[in-house]
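Chain by chain, the residues:
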Amino acid sequence: MDVPPSSHFIYIPVMLVLGIVLGFVMGSRATRDQIRMDEQKAAERERKKAARRAVVADSTPDDATK
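Residues numbered from 1 in each chain as written. Predicted model: local features only at pLDDT ≥ 70, side-chain atom pairs only at ≥ 80, totals over all residues. Heavy atoms only, no water.

S.K.: Would you mind going over the overall build of the protein chain with me for this structure?
M.R.: From N to C terminus, the protein chain includes one helix and zero strands. Here the protein chain holds 66 residues, and the buried ones make up 0% of them. Per element, the accessible surface of the protein chain, about 6300 Å² overall, is 66% carbon and sulfur. The protein chain carries 11 positive and 9 negative side-chain charges, and their two centres are separated by 1 Å. (Helix = DSSP H or I, 4+ residues; strand = E, 2+ residues; numbered from the N terminus. Buried < 20%, exposed > 50% of the residue type's maximum accessible area, 1.4 Å probe, protein only. Areas by Shrake-Rupley, 256 points an atom, 1.4 Å probe, with all protein chains shown as cover. Lys, Arg positive; Asp, Glu negative; His and termini not counted. Charge placed at Lys NZ, Arg CZ, Asp CG, Glu CD.)

As C-alpha cells, then:
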C-alpha cells in the first residue's frame with residue numbers, strides 16, 4: 001500500500017474548510033431570507049386583521065351601540 005502524495009494533506013483539509021465556509025454562508029443567507037419572509041407574512045396577517053376589524057366596525061349600525 002502506497003503512501004498518499006503530499007498534495008492530499010493539503011487538498012483534503014482545504015476542501016473541508018471550503019465546505020464549512022460555503023455551508024455557513026449559504027445557511028446564513030437562507031436563514032435571513034426565511035426571517036424576512038416570516039416578517040412579511042406576519043405583517044400581511046396584521047393588515048388583513050385590521051381590514052376585517054374595519055369592515056366589522058363599519059357594518060355595525062349606530063343604534064346597536066347605544
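S.K.: Explain the pattern of salt bridges here, please?
M.R.: Within this structure, the stated rule accounts for two salt bridges. Taking the shortest distance from any N to any O, the salt bridge between Asp33 and Arg36 comes out at 3.1 Å. Placement of both Asp33 and Arg36 in helix α1 (residues 6-59) is noted, with a separation of three residues, approximately one turn of the helix. (Salt bridge = Lys/Arg side-chain N within 4 Å of Asp/Glu carboxyl O.)

S.K.: Honestly, a nonpolar patch on the surface in this entry has me stumped. Any pointers?
M.R.: Residues Ile10, Tyr11, Ile12, Val14, Met15, Leu16, Leu18, Leu22 and Met26 make up a contiguous nonpolar surface patch of roughly 910 Å² in combined accessible area. Turning to its location among the elements, Leu18 is positioned in helix α1. (Patch = residues over 30% accessible without salt bridge, like charges linked within 9 Å, V, L, I, M, F, W, Y side chains within 5 Å.)

S.K.: What should I look at first to understand a positive patch on the surface in this one?
M.R.: Judged by side-chain charge, Lys41, Arg45, Lys48, Lys49, Arg52 and Arg53 come together as a positively charged surface patch. Exposure remark for Arg53: the relative accessible area of 53% places this residue in the exposed category.

S.K.: Can you help me understand the environment of His8 in this one?
M.R.: Relative to the helices and strands, His8 is located in helix α1. In sequence terms His8 and Ala54 are 46 residues apart; their C-alpha atoms lie 68 Å from each other.

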